[in-house]
Amino acid sequence: MRSLQKTHLQLLVFTLLLTLFFSNSFAQSRSARDRICGKWENEDKTLRIQISTQGRDFTAKIIWFSDTEGKPMNYWKDKRNPDPKLRNRTILGMNILRGLKYNEAKGTWEDGMVYDSKHGKEWNASAAIDSKGQLKVRGYWHFKWIGKNMKFHRIP
């Protein structure tokens, strides 16, 4: 009877340890995946975006941008959009990133599309957070070596 209780106790402890291990691994994986979420400002301090999740993908919207002409931000429209039906939408609050997915093996976000409202073009997109905590977003055309980087720092 005593050995049965001991075995039962060992099984219980083993189960608890396994549960703790897997829940901790999941939490670490989840937090690594979501590090990109939050508010970011570009190096020039002319653009602020907010990245969030939508299902398993990440999206970003414009939450502020610099207007050198002194007009209200909601004045500016997506006038260069190739789709005439979208040319009247406001740039402030517009989603500019879609489909970005976390690559756990590389610790990067890949296979997204980023929209450039200045030129009315959509580009392939990837992102990574460097050792300084800066977000590097790469917009490229089919091949990563044909593109441009933007750097952002996190803001409150």
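In this text, all values refer to a predicted model and were calculated from it rather than measured experimentally.

1. Here we look at the overall build of the protein
Then, number 1: What the protein contains, in helices and strands, is one helix and eight strands.
Then, number 2: In the protein, the succession of helices and strands from N to C terminus is α-β-β-β-β-β-β-β-β.
Then, number 3: Within the protein, the proportion of its 156 residues that are buried is 29%.
Then, number 4: Within the protein, contacts between residues separated by at least 24 positions form 38% of all contacts whose residues are at least 6 apart in sequence.
Then, number 5: On the protein, roughly 11000 Å² of surface is accessible, and the fraction owed to carbon and sulfur atoms is 57%.

2. What about the confidence of the model for the protein?
Then, number 1: With 81% of its residues at a pLDDT of 70 or more, the protein has an overall mean of 84.
Then, number 2: Here helix α1 (residues 2-34) stands out as the least confident element of the protein, with mean pLDDT 47; strand β1 (residues 38-42) is the most confident, with 98.
Then, number 3: Note that pLDDT drops below 50 for residues 4-29; the model gives that stretch one contact with residues more than four away or on any other chain.

3. What about the side chain of Ser-117?
Then, number 1: Tracing the chain through its elements places Ser-117 in the loop between β5 (108-116) and β6 (121-129).
Then, number 2: In this structure Ser-117 comes out as buried when scored by relative accessible area, which is 16%.

4. Focus on the side chain of Arg-33
Then, number 1: Among the secondary structure elements, Arg-33 is positioned in helix α1.
Then, number 2: From its side chain, Arg-33 meets the backbone oxygen of Arg-56 in a polar contact 2.9 Å long.
Then, number 3: When residues no more than four places from it in sequence are discounted, the contact partners of Arg-33 are Thr-53, Gly-55, Arg-56, Asp-57, Phe-58, Tyr-102 and Trp-109.

5. What about the sheet that holds β6?
Backbone hydrogen bonds are what pair the strands of a sheet, in a parallel or an antiparallel way.
Then, number 1: Judged by pairing direction, the barrel is antiparallel, and its eight strands sit side by side in the order β1-β2-β3-β4-β5-β6-β7-β8 before closing back on the first. Between one strand axis and the next, the sheet turns through 35° on average, direction left out of account.
Then, number 2: One ladder, built from four bridges, connects β1 with strand β8 (residues 143-155); its direction is antiparallel. In the strand pairing of β8, Glu-41 is matched with His-153.

6. Structural notes on the pattern of salt bridges
Then, number 1: Scanning the entire structure with this criterion turns up eight salt bridges.
Then, number 2: Across the pair Glu-41 and Arg-48 runs a salt bridge whose closest N-O atoms are separated by 2.9 Å.
Then, number 3: Residue classification places Glu-41 among the buried positions, given a relative accessible area of 5%.
Then, number 4: What emerges from the salt-bridge pattern is a single network uniting Glu-41, Lys-45 and Arg-48.

Rules of the game
Residues numbered from 1 in each chain as written. Predicted model: local features only at pLDDT ≥ 70, side-chain atom pairs only at ≥ 80, totals over all residues. Heavy atoms only, no water. Helix = DSSP H or I, 4+ residues; strand = E, 2+ residues; numbered from the N terminus. Buried < 20%, exposed > 50% of the residue type's maximum accessible area, 1.4 Å probe, protein only. Contact = heavy atoms within 4.5 Å. Areas by Shrake-Rupley, 256 points an atom, 1.4 Å probe, with all protein chains shown as cover. pLDDT = per-residue confidence, 0-100. Polar contact = N/O pair within 3.5 Å; in protein donor to acceptor, adjacent residues only side chain to side chain. Pairing = 2+ DSSP bridges. Axes fitted to C-alpha atoms, helices over the stretch in contact; angles between N-to-C directions. Salt bridge = Lys/Arg side-chain N within 4 Å of Asp/Glu carboxyl O.

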